[in-house]
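Chain by chain, the residues run as shown.
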Amino acid sequence: MWWFRATVAPAQARVQSHGQSQLAPGLRRVDPFARRSAIGRLAAVLGLAGGLVACGFRLRGSQSLPFATLFLGFPPNSPLGAELSRNIQAGTGTRVVADRRQAEAVLEMLGEQREREVLAVDAQGRTREYRLRLRLTFRVHDGKGNEFVPPGEIVVSRDLAFNEAQVLAREAEEALLLREMQTDAVQQMLRRIAAARPPAR
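Residues numbered from 1 in each chain as written. Predicted model: local features only at pLDDT ≥ 70, side-chain atom pairs only at ≥ 80, totals over all residues. Heavy atoms only, no water.

(A) Geometry of the packing of helix α2 (residues 79-91) against helix α3 (residues 167-194). One can describe the packing of α2 onto α3 by two numbers: an axis separation of 10 Å at closest approach and a directional angle of 50 degrees. Comparing the axis directions of α2 and α3 gives the class oblique. As α2 packs across α3, the resulting crossing turns out to be right-handed. Residues P79, L80, E83, L84, N87 and I88 of α2 form the contact with α3, whose participating residues are Q182, T183, V186, Q187, M189 and L190. Taken together, the residues of the contact of α2 with α3 break down into seven nonpolar, four polar and one charged. (Axes fitted to C-alpha atoms, helices over the stretch in contact; angles between N-to-C directions. Helix = DSSP H or I, 4+ residues; strand = E, 2+ residues; numbered from the N terminus. Parallel < 35°, antiparallel > 145°, perpendicular 65-115°, else oblique. Left-handed = near helix turned anticlockwise from the far one by under 90°. Contact = heavy atoms within 4.5 Å. Nonpolar A, V, L, I, M, F, W, Y, C, P; charged D, E, K, R; others polar.)

Next comes the structure, spelled out in structure tokens:
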């Protein structure tokens with residue numbers, strides 16, 4: 001949320017005359033209601049823009065992929081596949097199709113691993129910090145043996161402090177970090193795909 005604080009004019013800008021406050025020459029009084037209204041409109045616009053950026057929204061056509069249609073080879077109901085599909089259809093001119101035979105390119109998932117590594121323990125041997133890691137391996141090809149994006153790996157990680165007295169809070173924070181990592185991985189995949197060149201024929 002955006003917060004604004006109106007700037008107060010210095011005391012030197014006012015001249016006292018007959019017990020009433022007047023503005024110094026060259027200055028004009030600003031209607032406080034108009035000022036609050038303008039600030040409110042600005043806050044609404046910035047809040048909307050911030051929300052769109054946070055959810056990964058991009059205007060259609062703001063990113064160009066080297067093919068018109070794409071098949072996403074994710075398992076059914078994959079959250080990662082669903083987010084990638086939304087980003088492609090909202091932020092590019094490429095259309096995601098359900099039949100790989102109708103696609104100019106196929107994104108093939110070669111591996112998806114979610115890992116948790118212990119980083120620190122206390123004197124009693126209890127875990128105090130984890131590292132969460134999302135590891136993805138994928139390639140993009142035309143279905144005929146020609147590569148748009150050769151097999152490659154994307155690794156995203158986040159560190160998470162742990163306190164057994166706050167298990168519920170830790171679980172909520174972990175779920176939030178995993179969603180953030182997924183969004184980060186999707187954006188990295190999109191950048192790699194956008195940088196690809198059509199395969200040589």
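Here the narrative resumes, following the displayed structure.
(B) Just the pairing of strand β7 (residues 147-161), in detail. Where strand β6 (residues 127-141) and β7 come together, twelve bridges link them in antiparallel fashion. Opposite V140, over in β7, you have V149 as the bridge partner. Between β6 and β7, which pair antiparallel one after the other, the connecting turn spans five residues, and G143 there sits at a positive phi close to 80 degrees. (Pairing = 2+ DSSP bridges.)

(C) Unusual backbone geometry, seen in detail. Backbone geometry places N77, a non-glycine residue, at a positive phi of 60 degrees. Along the polypeptide, N77 turns up in the loop between β3 (69-73) and α2.

(D) Geometry of the pattern of salt bridges. Taken as a whole, this structure holds 15 salt bridges when the rule is applied. Two residues, D159 and R131, come together in a salt bridge whose shortest N-O distance is 2.7 Å. On the criterion of sequence distance, the pair formed by D159 in strand β7 and R131 in strand β6 is long-range, its members being 28 residues apart. Judged by its relative accessible area of 38%, D159 falls in the partly exposed class. Residue R131 is classed as partly exposed on the basis of its relative accessible area of 27%. Among the ionic contacts, a cluster of salt bridges with common partners joins E115, E117, R133, R135 and E153. (Salt bridge = Lys/Arg side-chain N within 4 Å of Asp/Glu carboxyl O. Buried < 20%, exposed > 50% of the residue type's maximum accessible area, 1.4 Å probe, protein only.)

(E) Molecular detail of the confidence of the model for the protein. Summing up the model confidence of the protein, the mean pLDDT is 77 and the portion of residues at 70 or higher is 68%. Below pLDDT 50 for its whole length, residues 1-21 participates in 24 contacts with residues either more than four positions away or in separate chains. (pLDDT = per-residue confidence, 0-100.)

(F) Quick peek at α3. Taking 1.5 Å of rise per residue, the 28 residues of α3 would be expected to cover 40 Å, and the 41 Å separating its terminal C-alpha atoms lies within 8% of that figure. Every buried residue belonging to α3 is among R170, E174, L177, M181, Q182, A185, V186, Q187, M189, L190 and I193, and all of these are buried. Buried residues belonging to α3 abut α2, β5 (105-121), β6 and β7. (Expected span 1.5 Å × (residues − 1).)

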